Each structure stands twice: as structure tokens, then as C-alpha cells.
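One letter stands for each residue in the lines below.
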Amino acid sequence: MQETPFCLRVGQLLPYSMSDSNTNNFTNPSTFILLGIPGLEAAHVWISIPFCTMYAIAILGNFTILFIVKTEPSLHGPMYYFLCMLAVTDLVLSTTIFPKMLSIFWFNSREIDFSACLTQMYFIHSFSAMESGIFAAMALDRYVAICHPLRHSTILTNPMVAKIGLAMVLRCGMLALPYPFLARQWPYCRTNIIPQTLCLHMAVVNLACADIRISSYYGLFVQFSVMGLDVIFIVVSYIQILRAIFSLPTKEARLKTFRTCSSHLFVILTFYVPRLFISLLYRFGQNVALNFHVLVSRVYLLMPPMLNPIIYGVRTKQIWDRLIQLFTHEGA
């Protein structure tokens, strides 16, 4: 995930933590200083309220999805296994992001150890890419279910689903592994202040006093080889799906078939459309305030883990029925 070189404007932010930042020359800082949302420090406590709410919903919603799929035998199928993978990914991603962010907002705990910063960087980039891979796997499931319904159970068997899940983990885990190693090798001799709430790859390496083109080019390579190929695969899958839907004889049949992939389409839109908006904002929004950049990019990272279980819970009849049954049974 590429980030705007915010450090180009870090000079105007130095007064916030000059005493803590050790701006004297250093090669490998022991800590970085995360500023949070620059310029909005006085409102950090108020800003934390919606973010804390999002985190609570993400944790509750994704654990609910996992519990419902585990306890309902009729949901033991490829689509719901992929949904469980998505829930686990969202839980790890949100837990990687939220606690440190809230500690900045609530306790002004801005310091983060260099190794902890690199660890957070790795988990954010690997699990963000993993989320994209799961959407591609879900598109494959919908393609087989709609275009080859009689072969769905023989193509997407449980061992095949497990192999797809393992392949996604290995792909994203290996491709994200160079990020912390590249960041560690650069000398940091200007400042250790990151005008962010998180340790993202380009936000960190842009502080280096060295030629970081290798890091930049590698980040672009990962973006294309993961997100780019996933988007192409999803688009091709849905072209085939729509062709199959429109070839059905009646309007009722077309609507019923389309509903089986509507939840997947919604979560894809909530994941990729904001990414496109932020990419355009970073490229053409040079006059937009830095705090707006940071705030919008954080909302983008944190919205999918919250929205995914809500969308699937509301729009997937089997999950919604099981959820209602669970609460009505407990209330009886």
C-alpha cells in the first residue's frame, strides 16, 4: 500500500515533539514518533470516539461471523470458508492498527520502538494484500457457482479451498516480507517523526537520508502483482458471471442469481472504490491539508473490517436467519 511522502512537509510539524524526536544525526533510531493526526492534537480524544466504535463493531461483527459459520452445519461450504478467512484477516488487521492509534489519541503515547514499527508495517501490508486475495477467491467461488453450478462441489472441495487459502497467505506473507528489511537498511539522519498514526512502508522510508527508489519501486511492484492482478481477475470473473446471469430466461431467475453475489459486490466496492479515491487524492490533492490526508487514509484502512461482517450479515439470508434465530432463542 503506497503512501504519500508526508515527510516532505514534516518540517512544519517539528514543533509538536522536538524535545522527543532526537533530530540530531542518527543512523538507526531506537524509536519513531507517531504524531497521530497533525494539527488536530487537541481533538484527538473526540476523534477517538468514532474510531473506538469502529474497532468494537469490527471485533464483535467478525467474531459473530466466525461463530455463526462454525455452529451452523449448513454454512460449511466454500463461500463461507472464504468469509471466515476474511473475518480472521479483518480481526488481525484491525488489531494491528487500532490499539496503537487509540493509545496516541487517549494517552499521547507517540513513541514506538523501531522493531515494533517494522512489525506493524509488515502486518498491515501483508494482511491488506491478503484481504484483496480473499476477494479474488470469493469471485472464483461465485464464478464456479453461477457458471458451472453442477461442478461447484467437485471443483471447490474442502482441500482445494484450504490450498487456495494457504496460497494467499504465502503470496502476501512473502511479498510483504521485504518491506521491513528494506526499511531497516536505510540510514535515518534527519528526523524520526512520522506525521501519521501508523508505520506504513513509504511513510517510514521517506524519512531516510538515502536514495529510496528501490523501496518505492518494490512497493509499486507489490501493488500491481497483488492488487492489480486481483482486480483484473475479479473483473474477468464478473464479466463471465454477468453473461451467465443475463442468459437466464426469466427476470426472476436473473434477480435470484444476482442476489447470490450481491454481498460480494458490496464488499468489493467498499474495499477498492475508497482506495481509488485516496490514490487520486494523493496524486492531485497537493493543496489538501495534511491532517485530512491522514484522517481519510485511516478511515479507508479501518472501514472494511467494520463493514464486511455487517454487509454479509445483512445481505446473506443464511447468516441473517441464523443470527435472528440465535438472538430470539437466547431471548426466549
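Residues numbered from 1 in each chain as written. Predicted model: local features only at pLDDT ≥ 70, side-chain atom pairs only at ≥ 80, totals over all residues. Heavy atoms only, no water.

**Concerning the state of the cysteines**
In step 1: Counting across every chain of the model gives two disulfides.
In step 2: Paired by a disulfide, C189 and C209 hold their sulfur atoms 1.8 Å apart. Taken together, the residues C189 in the loop between α7 (178-185) and β3 (193-194) and C209 in the loop between α8 (201-205) and α9 (213-246) connect sequence positions 20 residues apart.
In step 3: Look at C209 and you get partly exposed, because its relative accessible area is 25%.
In step 4: By sequence-ordered numbering of the bonded cysteines, the chain has its disulfides arranged as 1-3, 2-4.
In step 5: Of the cysteine sulfurs around C147, a residue in no disulfide, the closest is that of C261, at 9.7 Å. (Disulfide = S-S within 2.5 Å. Helix = DSSP H or I, 4+ residues; strand = E, 2+ residues; numbered from the N terminus. Buried < 20%, exposed > 50% of the residue type's maximum accessible area, 1.4 Å probe, protein only.)

**Remarks on the nonpolar core**
One recurring pattern in soluble globular proteins is that nonpolar side chains are buried together.
In step 1: F32, F135, Y188, I194 and V204 are the most contacted members of the largest nonpolar core, which totals 92 residues.
In step 2: Contact partners of V204, with chain neighbours within four places excluded, come to F32, C117, M121, A183, Y188, I194 and C199. (Core = buried A, V, L, I, M, F, W, Y, C linked by side-chain atoms within 4.5 Å. Contact = heavy atoms within 4.5 Å.)

**Concerning the pattern of salt bridges**
In step 1: The tally for this structure, following the rule as stated, stands at three salt bridges.
In step 2: A salt bridge links D230 to R171; the shortest N-O distance between them is 3.0 Å. Of this pair, D230 sits in helix α9 while R171 sits in helix α6 (residues 158-176), placing them 59 residues apart in sequence.
In step 3: Two residues, R213 and D211, come together in a salt bridge whose shortest N-O distance is 2.7 Å. (Salt bridge = Lys/Arg side-chain N within 4 Å of Asp/Glu carboxyl O.)

**Quick look at the layout of surface pockets**
Sizing a probe to match a water molecule and rolling it over the atoms shows the empty space that remains.
In step 1: Of the volumes computed, that of the second largest pocket is approximately 350 Å³.
In step 2: Along the walls of the second largest pocket sit 17 residues, with Y80, T260, T316, K317 and Q318 positioned nearest its centre.
In step 3: Looking at the lining of the second largest pocket, the elements that each hand over two or more residues are α3 (78-107), α4 (114-147), α11 (262-284) and α13 (317-331).
In step 4: Tallied by class, the residues present in the lining of the second largest pocket amount to four nonpolar, eight polar and five charged. (1 Å grid on protein atoms, 1.4 Å probe; cavity = no way out; pocket = protein on both sides within 12 Å on 5 of 7 lines; lining within 4 Å. Points joined across faces, edges and corners; volume = space filled by probe spheres on them. Nonpolar A, V, L, I, M, F, W, Y, C, P; charged D, E, K, R; others polar.)

**Side note on α6**
In step 1: Compared with an ideal rise of 1.5 Å per residue, which puts 19 residues at 27 Å, α6 spans 27 Å between its outermost C-alpha atoms and is within 8% of the ideal.
In step 2: Buried-residue contacts for α6 involve α3, α4, α7 and α9. (Expected span 1.5 Å × (residues − 1).)

**Regarding the packing of aromatic side chains**
Aromatic ring pairs are described here by two measures, namely the spacing of the ring centres and the angle between the planes.
In step 1: Under the defined criterion, the tally for this structure stands at 13 aromatic pairs.
In step 2: With 6.0 Å between their ring centres and 35° between their planes, F51 and F105 make a pair best called tilted. Within this pair, whereas F51 is found in helix α2 (residues 44-71), its partner F105 is found in helix α3, the two being separated by 54 residues in sequence. Considered together, F51 and F105 belong to a single accessibility category, that of buried residues. (Phe/Tyr/Trp six-rings, centres within 6.5 Å; stacked < 30°, edge-to-face > 60°.)

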